[in-house]
Amino acid sequence: MPDAAGGDEMKQAKEIEDAEKFNFMATVTKAPKKIQFADDMQEFTKFPTKSGRRSLSRSISQSSTDSYSSAASYTDSSDDEEGTPREKHQTNSKGSSNFCVKNIKQAEFGRREIEIAEQDMSALISLRKRAQGEKPLAGAKIVGCTHITAQTAVLIETLCALGAQCRWSACNIYSTQNEVAAALAEAGVAVFSWKGESEDDFWWCIDRCVNMDGWQPNMILDDGGDLTHWVYKKYPNVFKKIRGIVEESVTGVHRLYQLSKAGKLCVPAMNVNDSVTKQKFDNLYCCRESILDGLKRTTDVMFGGKQVVVCGYGEVGKGCCAALKALGAIVYITEIDPICALQACMDGFRVVKLNEVIRQMDVVITCTGNKNVVTREHLDRMKNSCIVCNMGHSNTEIDVTSLRTPELTWERVRSQVDHIIWPDGKRVVLLAEGRLLNLSCSTVPTFVLSITATTQALALIELYNAPEGRYKQDVYLLPKKMDEYVASLHLPSFDAHLTELTDDQAKYMGLNKNGPFKPNYYRY
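This structure is a prediction, so every number in the text was calculated from the model and none was measured.

Q: Describe the nonpolar core, listing the residues and the values that go with them.
A: Of all hydrophobic cores here, the largest spans 54 residues; its most connected members are Leu-137, Ile-142, Leu-159, Trp-168 and Val-191. When contributions to this core are tallied by element, the ones reaching two or more residues are α3 (107-119), α4 (122-131), α5 (150-161), β2 (165-170), α6 (178-186), β4 (219-222), α17 (446-465) and α18 (480-490). Broken down by element, the residue count for this core peaks at 10 residues, all from α17. Within the second largest apolar cluster, 32 residues are counted, among which are Cys-287, Ile-291, Leu-295 and Ala-329.

This is how it looks when you write it as structure tokens:
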């Protein structure tokens, strides 16, 4: 009997425990269900429709507009209902409204981003501290058009600390970090940029930087040549008074050389893109890491065994190929230059024509600086789920315009990820609408950008302070001595120690003990 009584008690306790557990689970699952679904409904109502904030008619067909309405927005969906920043009146804490950003209230968050970037940009901060007392850019009025990220914010604030007045816009409609732009505006920089600008917004922002009563730029810092082109075309009198242009991209440099060849370049310009510290570090090492970051964040693709074709084997192409090969991808190269093609062969890659392999490719990457590298014909022949992206500066490499046709449907599946759907159901995955992948869809290593930013700062200082006659109306490379100085500023980060030449060794080699150590024609 005691055993039976004990069993009844245990059974009764178990029933009470089960009842309490049921009530608890009902309570836990019931309340969140309402909250979660309500939030989801609110979020869905914020996504842009055909009549929403950003006009889609400029870039997509009627058949694809509806696909966008239920997909991720170009910017944070929580801000979509606020309208374009051009329609809002914002002021910073000092009462200034000389800027146009997404939301000035994000400034505190952006400031933290900038402070984090400064930790890995010690060389640029060192340059700021060394030259801050001299103010080598006092009187300089710099108008800039670059990616607006935490790293470029450190550059902009360095230029201001060295005495310059700056007005800034973005060179890419997708690469702006809104919180960083807000932090710059709060600090007093006239910045006109936000993530997800339309084409009209893009040119409006550039114009607002250049066209201001009582303020006229005398220096240009450009990335891609759009700002230089705008000033040259729209404000020729301003262009003639510019003291110097610093350009950091292949596309922009090409445009400068075209102007120079035509005899229309009336100011000296510095080609930073082909400086050793930009080409070998930003173009090569930066892209070697950021290509994977951009592809992984947008597609979650596994690269092992994938067939990838990289169009162009310059420094950017070399970096991309090295990273893809290391993860087990089968990499093909297309090239027009026999020297670059031979380098690709010696590095173990097959050099092919794009139309020979396009049907088998899982990923297509462009990095040539040219236009129409991937045409509609190539896109039509691609396999289902082929990923197409661009690592060059300009959005001209992939013929995206040819995809804006009624028979193709655009479906936004993630931020910066579009599925282009053919009538037979085939899908091609297009990233960032053919714009620069790494800065549109991910980030780039801060340390490498420190190298580029330091190079840009020194180029501006050199052009602004150069005595009359040193630089004529032409395009110049950064002096070798400056390249070496930029590199030396970054060596302490690795606890690296240079060997010094003895007097006898320097005499034997015909070198100055302090450099430059290589002639201008040396190929690193």
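Q: So, α4: which residues are in play, and what are the values?
A: Taken residue by residue, α4 has Ala-123, Leu-124, Ile-125, Leu-127, Arg-128 and Ala-131 as its buried positions. Considering only its buried residues, α4 is in contact with α3, α5, α17 and α18.

Q: I'd like a description of the sheet that holds strand β11 (residues 386-390), backed by residues and values.
A: Strands pair in a sheet through their backbones, by hydrogen bonds, and they do so in one of two ways: parallel or antiparallel. With respect to topology, 8 strands assemble into an open sheet ordered β9-β8-β7-β10-β11-β14-β13-β12, the strand pairing being mixed. Only two strands of the sheet have a single partner each, and these edge strands are β9 (350-351) and β12 (409-414). Seen against the sheet, helix α11 (residues 276-299) touches β10 (363-366), β11, β12, β13 (417-421) and β14 (427-431) and runs at an angle of roughly 130° to β14.

Q: Can you tell me about the pairing of strand β1 (residues 141-146), naming the residues and giving the values?
A: Of all 6 residues in β1, 5 are buried; the element is thus mostly enclosed. As defined by bridge partners, β1 adjoins β2 across 6 bridges and the pair is classed as parallel. Within the sheet, the bridge partner assigned to Thr-146 lies in β2 and is Ala-170. Where the polypeptide runs from β1 across α5 and back to β2, its parallel neighbour, the crossover connection is right-handed. As paired strands, β1 and β4 are joined by 4 bridges and run parallel to one another. By the bridge assignment, Val-143 is partnered in β4 with Ile-220.

Q: Tell me about the UniProt feature "binding site: substrate" (unreviewed entry) in the protein, and name the residues and values.
A: In the numbering adopted here, UniProt assigns the feature "binding site: substrate" (unreviewed entry) to Thr-149, Asp-223, Glu-248, Lys-278 and Asp-282. For Asp-223, a relative accessible area of 5% puts it in the buried group. Once residues within four sequence positions are removed from consideration, Asp-223 is found in contact with Cys-145, Thr-146, His-147, Cys-171, Glu-247, Glu-248, Ser-249 and His-393. Summarising the element assignment, Glu-248 is placed in the loop between β5 (244-247) and α10 (250-261). Among the residues examined, Glu-248 registers a relative accessible area of 11% and is labelled buried.

Cut-offs and rules
- Residues numbered from 1 in each chain as written.
- Predicted model: local features only at pLDDT ≥ 70, side-chain atom pairs only at ≥ 80, totals over all residues.
- Heavy atoms only, no water.
- Core = buried A, V, L, I, M, F, W, Y, C linked by side-chain atoms within 4.5 Å.
- Buried < 20%, exposed > 50% of the residue type's maximum accessible area, 1.4 Å probe, protein only.
- Helix = DSSP H or I, 4+ residues; strand = E, 2+ residues; numbered from the N terminus.
- Contact = heavy atoms within 4.5 Å.
- Pairing = 2+ DSSP bridges.
- Axes fitted to C-alpha atoms, helices over the stretch in contact; angles between N-to-C directions.
- Right-handed = clockwise from strand over helix to strand, strands pointing away.
- UniProt positions renumbered as here; feature names shortened; annotations may be inferred.

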